[in-house]
Amino acid sequence: MLKKALIGAVALTALSAAQAQAQYSDNKIKIGVLTDLSGTYSDLAGKGTIIAAQMAVEDFGGKVNGVPVEIISADHQNKADIASSIARKWYDAEGVDAVAELVTTAAAVAVREVSKERGKIDLISGAASTALTNAKCSATGFHWTYDTAALANGTANAVVKNGGKTWYFLTADYAFGHDLQAQTERVVKANGGEIKGAVRHPFPNSDFSSFLLQAQASGAQIIGLANAGADTINAIKQAKEFGITQGGQSLAGLLVFITDINSLGLETAQGMMMTTGYYWNRDDETRAWSKRWSAKMDGKMPSMVHAGTYSSVIHYLKALAAAKTDDGMKVAEQMRAIPIKDASGFAINGKIRADGRMVHDMYLAQVKKPADSKAPWDYYNILRTIPGDDAYQPLSESKCDLVKK
Amino acid sequence: MMTLFGIPAGALFGQLLLGLINGAFYAMLSLGLALIFGLLNIINFSHGAQYMMGAFVAWLGLTYLGTNYWVALALAPLIVAAFGILLERTMLSRLYKLDHLYGLLLTFGLALIIEGFFRQLYGISGMPYAVPKELAGGWNLGFMYLPIYRAWVVIASLILCLGTWVLIEKTKLGAYLRAATENPALVQAFGINVPVMITLTYGFGVALAAFAGVLAAPIYSVNPLMGSNLIIVVFAVVVIGGMGSIMGSIVTGFMLGLLEGLTKVVYPEAAGTVIFMVMVIVLLIKPAGLFGKGA
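All of these numbers come straight from a predicted model, not from anything done at the bench. (Residues numbered from 1 in each chain as written. Chains lettered and ligands numbered in written order. Predicted model: local features only at pLDDT ≥ 70, side-chain atom pairs only at ≥ 80, totals over all residues.)

Caption draft 1: Spotlight on the sheet that holds strand β6 (residues 141-143) of chain A. Taken in spatial order, the six strands of this open sheet run β2-β3-β1-β4-β5-β6 (chain A), and their pairing is mixed. The open sheet has two edge strands with one neighbour each: β2 (63-64) and β6 of chain A. (Pairing = 2+ DSSP bridges. Helix = DSSP H or I, 4+ residues; strand = E, 2+ residues; numbered from the N terminus.)

This is how it looks when you write it as structure tokens:
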């Protein structure tokens, strides 16, 4: 009798000890995907990032140490105020543990402030600005997929080395455009190139002919497009119309997503060089993952933001399991400690730095000629792999106060 | 090199010519709006969505049926006009006796629904549409390279605008239409079917928007929001020209295109706002618009 009771007591203690080991508030893990579901960025990010986050949860088995994981989502409409109020509601009232995706720098910065205050995790994928790992950095904030520095380094370096010494910029007249132009100018000058001028166009803008003629008149070899989305598409389409590319000048798209190329068509986009953090048709691993994603997305193929969201969410789940708690600081420590590797083939040689930058290999890609494209969405030739440390801003230059000088 | 206002003359001419091309789009779209407002008293906020539908019908035809640009130019306005007529018969016709605001809200709501529908089906990034082979290439004018397609846009737009003006102001049909706006009961008493005439007018206004949409497809990204980006500017053009004035909207459309072109050279950052500044000034000095018939 006594023996039985003893065994029972031991068993009970062991059980409660196991429970005490893993502490997750409300016995649930909730990840909020906050993205643009209806506006300009809803193709390159949008619904596809929710699908990607759900795939990450499925691939992880749906549970962290027996605690179920749930994905919720909302549309921030690319507005900072909407983004921050949703994040506040999620954290304070709905028990959300981390916010993922966050396309549009303004929205990402607004949510970063909220997350930082509450010690919660943010996993930024779609936003571009390096501010997120400099002045706005956070111990529990991560910038996963790409940034303006990596884009500028990748594309401008390659273009200048190929002989494109003189540059003229068409720049979207808001923070992102200015940032991207400044980063690119730095790289061009460092490589011995020359800036012939720049024109700031209203955002958004549909007719670029006037700006293209100014760029043409400048005589610069390279016209750098420091803009994104529909602006970039319109500029490229009209550059072809005005014979810019036939006249010997080349375009450098500084932020181009595969969804933009799909919209332009290969006939118009062929030959253009760009930097990307992911290409679905790069190897067997990326193809396998992308085809699974594609099956849920009507045959489209993922952009780097989609794959980046998957990669960041599944890494977060691994860190949760390792930390055995959902405490932001402890999970963030684990995120930095454990190796980054997942089924999407996204984070090659990935590592997270003190400033929250997830540094990984980037790719210099060139758009294929229509004749060379073998399948739908078969758009890029990968010219070169850019090692993460060469692509991203060196940690020594980071203005983040978490970086020990 | 010769300079004007401190700008090389060549660059200036080039920019003015481009301004004229953009003006052609403003003119075509504001013409349709002015026509609908003048004769139906409806502020047609779904005009931008109907312009977008024109471009999408062209793209759908090319992609699924292989119909070329010229067929699209003829058929897309008819298809979109038929859709417009359906809207007019089932919904808009109930609002003619109410305040303008009701028509505005209804058409605005419709625009959001139409755009949402296309966004759901085709995403936001847009679809490729190539310049037709016959109009590919361009001429080197010495001071600029003029794509043949852009020249075609200006010519097509001028013909369309002037044709419409003649139809409304100089023909018997136009006279009936204008009379029907003044006093529908009396015109009806003369044996003219006023409701049918009004419906066809709305259809025609919508067809103009769709025609502009097809013209725009090879130049701009064919995406669900292409109309909503343009429609606000076009409304400003209509307000400046004088609500309901046909010639006013045509002239103002081209004029503001030129002004915008000039701004893009002198101070590009203001190119997005210059038209609205003109609108404010015109509203303060001449509230009925430059060509309006008194408030």
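Caption draft 2: View of the domain arrangement of chain A. Residues and elements named next belong to chain A. Structurally, chain A comprises domain 1 (27-146 + 282-355) and domain 2 (149-276 + 363-386). Domain 1 and domain 2 are separated by 28 Å when their C-alpha centres are compared. Listed per partner, the contact involves 13 residues of domain 1 and 15 residues of domain 2. Taken together, the residues that form the side of domain 1 that touches domain 2 break down as six nonpolar, five polar and two charged. (Domains from an automatic or database assignment. Contact = placed C-beta atoms within 7 Å. Nonpolar A, V, L, I, M, F, W, Y, C, P; charged D, E, K, R; others polar.)

Caption draft 3: Structural context of the UniProt feature "domain: Leucine-binding protein" (unreviewed entry) in chain A. Feature annotation in UniProt assigns "domain: Leucine-binding protein" (unreviewed entry) to the following positions: residues 28-368 of chain A. The span residues 28-368 of chain A shows a helical share of 43% and a strand share of 20%, and its end C-alpha atoms are spaced 46 Å apart. (UniProt positions renumbered as here; feature names shortened; annotations may be inferred.)

Caption draft 4: Quick look at the environment of B:G289. Residue position: B:G289 is located in the segment after α11 (274-285). We classify B:G289 as buried; it has 24 C-beta atoms within 10 Å. (Buried ≥ 20, exposed ≤ 12 C-beta atoms within 10 Å, placed from the backbone.)

Caption draft 5: The arrangement of the interface of chain A and chain B in detail. Listed per partner, the contact involves 33 residues of chain A and 31 residues of chain B. Elements represented by at least two residues in the side of chain A that touches chain B include exactly β8 (194-201), α7 (209-218), α8 (229-241), α9 (258-264) and α10 (266-269) of chain A. A total of six residues in the side of chain A that touches chain B trace back to one element, the largest contributor, which is α8(A). Split into classes, the residues belonging to the side of chain A that touches chain B amount to 10 nonpolar, 15 polar and eight charged.

Caption draft 6: Here's a closer look at the pairing of strand β4 (residues 98-101) of chain A. All names here are of chain A. In the sheet, strand β1 (residues 29-35) pairs with β4 via four bridges, with the strands oriented parallel. Bridge pairing in β4 links L34 to E101. In this sheet, strand β5 (residues 121-124) lies alongside β4 in parallel orientation, the contact comprising four bridges. Note that in β5 the partner of E101 across the bridge is I124. Between the parallel elements β4 and β5, the chain passes through helix α4 (residues 105-118) in a crossover that is right-handed. (Right-handed = clockwise from strand over helix to strand, strands pointing away.)

Caption draft 7: Summary view of the confidence of the model for chain B. Per-residue confidence for chain B averages 90 on the pLDDT scale, and 97% of its residues sit at or above 70. Our summary of model confidence lists the complex with pTM equal to 0.86 and ipTM equal to 0.83. (pLDDT = per-residue confidence, 0-100.)

Caption draft 8: The arrangement of the domain arrangement of chain B in detail. Residue and element names in this part refer to chain B. Taken domain by domain, chain B consists of domain 1 (41-223) and domain 2 (225-295). Here the C-alpha centroids of domain 1 and domain 2 sit 19 Å apart. Listed by partner, the interface residues are 17 residues for domain 1 and nine residues for domain 2. Of all the secondary-structure elements, those providing two or more residues to the side of domain 1 that touches domain 2 are α2 (47-65) and α5 (148-170). For the side of domain 1 that touches domain 2, the element with the highest residue contribution is α2, accounting for six residues. In the side of domain 1 that touches domain 2, the residues fall into 10 nonpolar, five polar and two charged.

Caption draft 9: Summary view of the pairing of strand β9 (residues 222-226) of chain A. Residues and elements named next belong to chain A. Counting buried positions over the five residues of β9 gives five, a clear majority of the element. Of the two faces of β9, the one lined by I222, G224 and A226 and the one lined by I223 and L225 are each fully buried. Both strand β7 (residues 166-172) and β9 contribute to a ladder of five bridges, which runs parallel. Bridge pairing in β9 links Y168 to I223. Alignment of β9 against strand β10 (residues 250-253), held across four bridges, turns out to be parallel. Paired with G224 across the two strands is A252, which belongs to β10. The handedness of the β9 to β10 crossover, carried by α8, is right-handed.

Caption draft 10: Focus on α4(A). All names here are of chain A. Taking 1.5 Å per residue, 14 residues should reach 20 Å; α4 reaches 20 Å between its end C-alpha atoms and fits that length. Restricting attention to buried positions, one finds in α4 the residues T105, A107, A108, V109, A110, V111, R112, V114 and S115. Here the buried face of α4 lies against β1, α3 (80-93), β4, β5, β6 and α6 (175-190). Where α4 ends, the next residue or the one after it, G119, has phi of about 65°, a positive value. (Expected span 1.5 Å × (residues − 1).)

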